[in-house]
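Residue strings, one per chain:
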Amino acid sequence: MSKNEEQTGLDRRGFIGSALTAAAGLTAGAVAATPAAAQVPGPMASDMLDRYVPTPKEGRKPQLFRAELTIRDCEVEGKIPSDLRGAFYRVGPDAQYPLAPGNIPFDGEGHVSQFAFNNGRVDFQSRFVHNERYVEQDKAGRILFPMYRNPYVNDPLVKGKSRGTHNTHIINHNGMLLALKEDSPPAALDLHTLEIIDPVYRFGGQLQSETFTAHPKIDSRTGNMIAFGYEAKGHGTDDVNVFEYTPQGRKVWDAWVKVPYVGMLHDFAVTEHFIVLYVIPLAIDHEQMKRGGIHWSWYNGQPTYFGFFRRGGDGKDVQWIKGPERSATHMMGCWDDGKHIYVDVEMSAYNPFPFMPMRDGSRWDPVKGASRMTRLSVDLSKKTPKDYSIEVLYQNLIGALPRQDDRYNTEPYRYGFLPCPDPDPKDPAKRPSSCYARMDLATRKFQIYRGEEDVTLAEACFAPRSKDAPEGSGYLMGVASHSKENGRCDLVILDAEHVDQGPVAIVRLPTKIVGQIHGWWVPEWQMPPKKA
Ligand code: V55
Ligand code: FE
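Calculation criteria
Residues numbered from 1 in each chain as written. Chains lettered and ligands numbered in written order. Predicted model: local features only at pLDDT ≥ 70, side-chain atom pairs only at ≥ 80, totals over all residues. Heavy atoms only, no water. Helix = DSSP H or I, 4+ residues; strand = E, 2+ residues; numbered from the N terminus. Buried < 20%, exposed > 50% of the residue type's maximum accessible area, 1.4 Å probe, protein only. Contact = heavy atoms within 4.5 Å. Near = heavy atom within 4 Å. Polar contact = N/O pair within 3.5 Å; in protein donor to acceptor, adjacent residues only side chain to side chain. Areas by Shrake-Rupley, 256 points an atom, 1.4 Å probe, with all protein chains shown as cover. Donors = N, O, S within 2.8 Å, 3.2 Å for Na, K, Ca; no water. Tetrahedral: all angles 85-135°; square planar, octahedral: opposite > 155°, others 65-115°. Core = buried A, V, L, I, M, F, W, Y, C linked by side-chain atoms within 4.5 Å. pLDDT = per-residue confidence, 0-100. Phe/Tyr/Trp six-rings, centres within 6.5 Å; stacked < 30°, edge-to-face > 60°. Lys NZ or Arg CZ within 6 Å of the ring centre and 35° of its normal. Pairing = 2+ DSSP bridges. Disulfide = S-S within 2.5 Å.

### Topic: the overall build of the chain
Part 1: Tallying secondary structure elements over the chain gives 5 helices and 33 strands in all.
Part 2: Within the span of the chain, comprising 532 residues, buried residues form 63% of the whole.
Part 3: Sequence-distant contacts, at least 24 apart, represent 60% of the contacts inside the chain between residues at least 6 apart.

Pasting the structure below:
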């Protein structure tokens, strides 16, 4: 039995993945996280489960994909809308060599793909991020960074080289595509060819932090990119550097703060006036790393900290509000109205990742690991707020990869999108359909798109109809992988205002494609001209 299986008490077939890993296509396809749903029988749809469940004794099964693909003028069912112009990028881990025993799926090498839309035509291509790690390992013909964010076990060959996999998220900035991993600076890629421009992109020397988040935000008014690095002064440090760059790549602000403890700061919130950091007890575990394990474990019973400070300041005003044990890894939207800060996150009672060790050795519980959209708020009328409020927004929706119309990153917003298992399955004995929920936060209602019977839907991405279209007016797209067709993938395109009416178009690919964590839409008007 693998470590994972020992912890969950579930065998490989009956494995119940967390909402996040499942929606990301990384483990079991369906997510069963309500007590009733937790009894949903396997086998779960998964193209990746066998590839990623670690088996400590024999090492991870060496099932690799590694295909860098080009498919011109893809087959389309329906009609690509004429106002859908630009490109959808996505990135995820695709192990270059079999993962070392005990390693986790988040340590696969970054593989980027692009769906380019042009006058109703769709071209697909996918490439590994040819960063330092990839190039060195390719030369050596084996893995040289064997354990997730553990510098102690690196092969001596990689001294001075970046460990960044760039497998988590992707964003366009200053005419380039930045592939992101929160333990390293970005890798800069060509937006058209996906070729590497700079494997360790430090914004022309302006980036002081050793790391860069996978979740930058775009200021709704200025278009500036606000981002941060944690463990910013190197492995294990409690320093966080927050910074803001213009669309042309000039740094206009940065600040340093210290965290109460070194936990995973996967995402953050930026409102008009504030930066919010949320520290969760998925915290650094030096002993585990010295034993050859991964960077994190879940410290049962430890508090969270909601930290906030003013944008534009020096960070000295930071306040940390202690809260109960919780996990929140992704932010959907946020704003402040002068009196309160509101941050909508996906929140679970504890560790949302089945493959992240529990510090006390207890079994991982899929019910406590299930995430729901939750509103955190802080009352600014108190000079030193003592607590933050926690309000579950949708009790029936389980999911961990929420998105919004990204033009509203720093402002009040109304709509959100979430991959989730069917909240109202017709046959509770069957595996629930993989769905997209379109949430209307003004009415607290939601619409559901149910994916085809055997698919798992990845994170969705919103593309506005035009530069100035009203919020949420445009298209929602995401990759569906078919368990009954060996993981063959489609790109599903929905009218974002009517997801319940079904796809306006489906791009039918002839093959499976690399799995995804996050994706990003780059509109035609932000694309640099193609080089001749
Ligand atoms: C996440 C994904 C990562 C990671 C840390 O929540 C957090 C997602 C794909 O890698 O390293
Ligand atoms: Fe993420």
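### Brief notes about helix α4 (residues 132-140)
Part 1: If you check which residues of α4 are buried, you get R133, Y134, E136 and Q137.
Part 2: If you follow the buried residues of α4, they end up packed against β5 (121-128).

### Quick look at the environment of I448
Part 1: Its location among the elements puts I448 in strand β27 (residues 445-450).
Part 2: Placed 52 residues apart in sequence, I448 and D500 show a C-alpha to C-alpha distance of 5.2 Å.
Part 3: When sequence neighbours within four positions are dropped, the list of residues in contact with I448 reads L397, C420, P423, C435, Y436, A437, V499 and D500.

### Brief notes about the site of ligand 1
Part 1: Close to ligand 1 lie 12 residues, the nearest being F106, Y148, T168, K181 and H266.
Part 2: Interatomic distance of 2.6 Å between a side-chain N/O atom of Y148 and an oxygen atom of ligand 1.
Part 3: Here ligand 1 loses 100% of its free accessible area of 310 Å² to cover by the protein chains.

### Some words on the coordination of the iron ion (ligand 2)
Six octahedral donors around a metal ideally make angles of 90 or 180 degrees; four tetrahedral donors ideally make 109.5 degrees.
Part 1: The iron ion (ligand 2) binds to the protein through H215 (NE2), H266 (NE2), H330 (NE2) and H518 (NE2), with metal-donor distances spanning 2.0 to 2.1 Å.
Part 2: Each of the 4 donor atoms around the iron ion (ligand 2) contributes to a set of angles spanning 93 to 162 degrees, which defines the coordination as irregular.
Part 3: Every donor residue of the iron ion (ligand 2) comes from the same chain, spaced as H-x50-H-x63-H-x187-H. Of this pair, H266 sits in the loop between β13 (251-258) and β14 (269-270) while H330 is found in strand β20 (residues 327-336), placing the two residues 64 residues apart along the sequence.

### Quick look at the nonpolar core
Part 1: Ranked by size, the top nonpolar core spans 55 residues in total, and within it V240, V242, F306, F308, V343 and M356 carry the most contacts.
Part 2: Of the residues forming this core, the biggest block, 6 residues, is contributed by strand β15 (residues 274-279).
Part 3: In this structure, V242 is in contact with I226, A227, F228, W253, D254, A255, F268, I275 and F309, ignoring residues within four places of it in sequence.
Part 4: In this structure, V112, I170, Y201 and M225 belong to the second largest nonpolar core, which totals 28 residues.

### Notes on unusual backbone geometry
Part 1: Unusually for a residue other than glycine, R149 sits at a positive phi of about 55 degrees.
Part 2: Its identity as a non-glycine residue notwithstanding, N486 has a phi of 60 degrees, on the positive side.
Part 3: With respect to the helices, strands and loops of the structure, N486 is situated in the loop between β30 (474-482) and β31 (488-495).

### Some thoughts on the confidence of the model for the chain
Part 1: With 88% of its residues at a pLDDT of 70 or more, the chain has an overall mean of 90.
Part 2: Considering only residues more than four positions removed or in separate chains, one finds that residues 27-60, a stretch of pLDDT under 50, has 112 contacts.

### Comments concerning the side chain of R90
Part 1: Structurally, R90 can be placed in strand β3 (residues 86-93).
Part 2: Taking relative accessible area as the criterion, R90 reaches 2% and is therefore assigned buried.
Part 3: A polar side-chain atom of R90 sits 2.9 Å from the main-chain carbonyl oxygen of V514.
Part 4: Engagement of the side chain of R90 in a polar contact is seen with the side chain of Q516, the distance being 2.7 Å.
Part 5: Those residues in contact with R90 that lie beyond four places of it in its chain are H111, V112, S113, F115, I170, V479, I513, V514, G515, Q516, H518 and G519.

### Things to note about the environment of G175
Part 1: Take G175: it is sitting in the loop between β6 (169-173) and β7 (176-180).
Part 2: We classify G175 as partly exposed; its relative accessible area is 40%.
Part 3: When the C-alpha positions of G175 and M527 are compared, they lie 6.9 Å apart, and in sequence the two are 352 residues distant.
Part 4: Excluding residues within four positions of it along the chain, G175 makes contact with L191 and P528.

### Details of the side chain of R163
Part 1: Structurally, R163 is set in the loop between α4 and β6.
Part 2: Within the structure, R163 has its side chain in polar contact with the backbone oxygen of M147 (distance 2.8 Å).
Part 3: Residue contacts for R163: discarding those within four places in its chain leaves D107, R133, F145, M147, Y148, R149, N150, P151, N154, D183 and S184.

### So, the packing of aromatic side chains
Part 1: Enumeration according to the criterion identifies 27 aromatic pairs in this entry.
Part 2: Between the aromatic rings of F115 and F124, the centroid separation amounts to 4.9 Å while the plane-to-plane angle is 55 degrees, which identifies the pairing as tilted. Side by side, F115 and F124 carry an identical accessibility label, which is buried.
Part 3: Connected via pairs of aromatic rings, a cluster forms that spans Y201, F203, F212, F243 and Y245.
Part 4: The ring of W256 carries K233 above its face, with NZ or CZ at 4.9 Å from the centroid.
Part 5: It is K368 that lies over the ring of Y350; its NZ or CZ is 4.5 Å from the centre.

### Points about the sheet that holds strand β11 (residues 225-230)
Part 1: Spatial strand order, β10-β11-β12-β13: 4 strands in an open sheet with antiparallel pairing. The sheet is open, and its two edges are formed by β10 (217-218) and β13, each paired on a single side.
Part 2: Direction of pairing for β11 relative to strand β12 (residues 239-245): antiparallel, over a ladder of 6 bridges. The partner of Y230 across the bridge, within β12, is V240.

### Re the state of the cysteines
Part 1: This structure, assessed with the given rule, holds 0 disulfides.
Part 2: C420 forms no disulfide, and the closest cysteine sulfur to it belongs to C435, at a distance of 5.4 Å.
Part 3: Residue classification places C420 among the buried residues on the basis of a relative accessible area of 4%.

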